Amino acid sequence: MDFPGSAPASKLPQVGTTIFTEMSALASEHGALNVAQGFPDLAPPAALRQAVAHAMESGANQYAPMAGNIRLREWIAADCEQRTGTIYHPADEITIGAGASSMLFAAIMALVSEGDEVIIMEPAYDLYAPVVRLAGGTVRRLERNLPDYDLDYQGLRTMLSRHTRMVVVNSPHNPTGATWGREDLEELHRCLDGSDAIVLSDEVYGPIVHDGREALSAAHHPALAARTLIAGSFGKVLHATGWKIGWLAGPAALMAEVRKVHQYDVFSTGAPFQAGIAEFLSQEAGQTHLAELASTYTALRNRLCDGLQDTAWSFAPAEGGYFQVLDYAAFHSGSDQDVVRDWTRAPQGIATIPLSSFYDPSHPLRTESTRIRVCFAKQPDTLDLAIERLRRLAGS
Ligand SMILES: Cc1ncc(COP(=O)(O)O)c(C=O)c1O
């Protein structure tokens, strides 16, 4: 259909279809195994599915409150207090939205204005930068330090200015799996102390940490928490990304502004999902699921890493989250952008995500990177097939 007027100027001229959508479409076109997009193929727990079905049957089918189901907000507050010691008031410091995405969006739109700078640590999840631009802000990109993708505090100190409105952090990190330690929280606090910067802490993979690491949140550091909005996702922790239920917690003064955007953007979301999740988390089954979450994913990460151990793939096992970065420099040249597309189209192919897609399109890594991201939130059989195909690529 032709639009009869003149086309509106694009607010996001640099943005096209995301690499995640593209790779999933290419995988289905060519019948490739899809370990690209970040969703689990593990089923949500049966007791959770039943609780949601029960919520629907018992009438939780109209708008949930704008800020979210109060039982679920109370659970988030209690869980956060128990894990970190920091108290968030469910009435005005926690909001539930359509996935963490909608709350990250609302936070940036509400708090970033024309002329504000937002520091994003690359490689970075793809949502932050376009939303900063929509809000009229300027993106300042700071690279994480190789080889471990640690945060660059020296760089952060240099980049901070009186224009810095927000610093976006993400741990466990998508795509690299890097996690922060207690000293990172302290260092981040020291860097920002005395400034007006707000921290937006994307903690959607929060409880998923490997090898006995501590599942740390910005809320573990009270002074840092006072300037921080924390985003969480029930999609990620309950193997239910399609339900799109996420949350944001932070100081009331910031949350009041975020809710002004949320109420005209999402307003209210998934009433029976919120009610069912609140019920499930109050049950022993819910507590058991959360307690076993990290070990479930560590076992899958180990399966993938063990399967590639004696091959030409090089990697450091992910510290958290459910993605593993793999480097093919030892057996293949060519940019990750070309390579992942070739490997997806190949017979018995495999779809992954090029790591360079998590950097600005003008970054030299777009043509130089030899790293890919594999999602290991998959059934053991799917992972075994992925291992077989990845081994074949490496000539093993
Ligand atoms: C780092 C990060 N933040 C946010 C999200 C979005 O979470 P949700 O599905 O709850 O909107 C994702 C999803 O992949 C993610 O990886």
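Please read these numbers as outputs of a predicted model, since none were measured by experiment.

**Things to note about helix 3 (residues 70-84)**
Residue pairs spaced three or four apart in an α-helix point in one direction, given the helix's 3.6 residues per turn. Compared with the 21 Å implied by 1.5 Å per residue over 15 residues, the 21 Å span of helix 3 between its first and last C-alpha is a close match. By the burial criterion, the buried members of helix 3 are L72, R73, W75, I76, A77, D79, C80 and T84. Check the buried side of helix 3 and you find it contacts strand 2 (94-98), helix 9 (234-237), strand 8 (245-249), helix 10 (252-265), helix 11 (271-282) and helix 12 (284-308). Immediately downstream of helix 3, the backbone of G85 shows phi near 90°, a positive value.

**Quick look at the sheet that holds strand 2**
Across the sheet, 7 strands lie side by side as 2-8-7-6-5-3-4; this open sheet has mixed pairing. The sheet is open, and its two borders are formed by strand 2 and strand 4 (138-143), each paired with just one other strand. For this sheet, the mean inter-axis angle between neighbouring strands, taken without regard to orientation, is 20°. Sheet topology note: the strand 3 (residues 117-122)/strand 5 (residues 164-170) ladder contains 4 bridges and is parallel. Of the residues in strand 5, the one forming a bridge with I120 is V168. Packing against the sheet, helix 4 (residues 99-111) makes contact with strand 2, strand 5, strand 6 (198-202), strand 7 (228-233) and strand 8, and its axis sits at approximately 115° to strand 2.

**Concerning the site of the ligand**
Surrounding the ligand, one finds 14 residues, the nearest of these being S101, D202, Y205, K236 and K244. S233 is positioned with one of its side-chain polar atoms (N or O) 2.7 Å from an oxygen atom of the ligand. Residue K236 places a side-chain N or O atom 2.7 Å away from an oxygen atom belonging to the ligand. Relative to its free-state accessible area of 390 Å², the ligand is covered by the protein chains to the extent of 92%. For the shell around the ligand, the element with the most residues is helix 4, which contributes 4 residues. Residues belonging to the shell around the ligand are distributed by class as follows: 6 nonpolar, 5 polar and 3 charged.

**Remarks on the packing of aromatic side chains**
Two numbers describe a pair of aromatic rings. These are the distance of the centres and the angle of the planes. If you walk through the whole model with that rule in mind, you get 14 aromatic pairs. Centre to centre, the rings of Y328 and W343 are 5.3 Å apart; their planes meet at 75°, and the pair counts as edge-to-face. Placement of the pair is Y328 in the loop between strand 9 (323-327) and helix 13 (336-345) and W343 in helix 13, with a sequence separation of 15 residues. Using a relative accessible area of 8% as the deciding quantity, one classes W343 as buried.

**A closer look at unusual backbone geometry**
Here the bond from E122 into P123 is cis, since omega is 5°, no more than 30 degrees from zero. Position of P123 among the secondary structure elements: in the loop between strand 3 and helix 5 (128-134). Following S171, the chain continues into P172 via a peptide bond in cis, with omega recorded as -15°. If you trace the backbone, P172 turns up in the loop between strand 5 and helix 7 (182-192). Backbone geometry at D211 places phi at a positive 60°, although glycine is not the residue there. Relative to the helices and strands, D211 is located in the loop between strand 6 and helix 8 (222-225). Positive phi is not limited to glycine here, since K244 has a value of about 50°. If you trace the backbone, K244 turns up in the loop between helix 9 and strand 8. Given a relative accessible area of 36%, K244 falls into the partly exposed group.

**Points about the environment of L104**
Of note, L104 is situated in helix 4. Along the primary structure L104 and W247 are separated by 143 residues, whereas in three dimensions their C-alpha atoms are 9.0 Å apart. Beyond its immediate stretch of four places on either side in the chain, L104 contacts L127, Y128, L200, D202 and A231.

**Describing the domain arrangement of the chain**
Partitioning the chain into domains gives domain 1 (19-44 + 287-393) and domain 2 (46-284). Between domain 1 and domain 2, the C-alpha centre-to-centre distance is 25 Å. Taken together, the 31 residues of domain 1 in the interface contact 39 residues of domain 2. Taken over both partners, the interface formed by domain 1 and domain 2 buries close to 3,200 Å², and the fraction arising from carbon and sulfur atoms is 56%. Among the residues of domain 1 in contact with domain 2, P44, E319 and F358 are the three that bury the most area, contributing 23% of the side total. At the junction of domain 1 and domain 2, the tally comes to 2 salt bridges. Measuring nitrogen to oxygen at the nearest pair gives 3.1 Å for the salt bridge that ties D360 to R141. Here domain 1 and domain 2 share 24 residue pairs in polar contact (both at pLDDT 80 or more) between them. Within the residue set of the side of domain 1 that touches domain 2, elements represented by two or more residues are helix 12, strand 9 and strand 12 (371-375). With 9 residues, helix 12 is the single largest residue contributor to the side of domain 1 that touches domain 2. Here the residues of the side of domain 1 that touches domain 2 sort into 18 nonpolar, 8 polar and 5 charged.

About the cut-offs
Residues numbered from 1 in each chain as written. Predicted model: local features only at pLDDT ≥ 70, side-chain atom pairs only at ≥ 80, totals over all residues. Heavy atoms only, no water. Helix = DSSP H or I, 4+ residues; strand = E, 2+ residues; numbered from the N terminus. Expected span 1.5 Å × (residues − 1). Buried < 20%, exposed > 50% of the residue type's maximum accessible area, 1.4 Å probe, protein only. Contact = heavy atoms within 4.5 Å. Pairing = 2+ DSSP bridges. Axes fitted to C-alpha atoms, helices over the stretch in contact; angles between N-to-C directions. Near = heavy atom within 4 Å. Polar contact = N/O pair within 3.5 Å; in protein donor to acceptor, adjacent residues only side chain to side chain. Areas by Shrake-Rupley, 256 points an atom, 1.4 Å probe, with all protein chains shown as cover. Nonpolar A, V, L, I, M, F, W, Y, C, P; charged D, E, K, R; others polar. Phe/Tyr/Trp six-rings, centres within 6.5 Å; stacked < 30°, edge-to-face > 60°. Domains from an automatic or database assignment. Buried area = accessible area lost by both parts, 1.4 Å probe. Salt bridge = Lys/Arg side-chain N within 4 Å of Asp/Glu carboxyl O.

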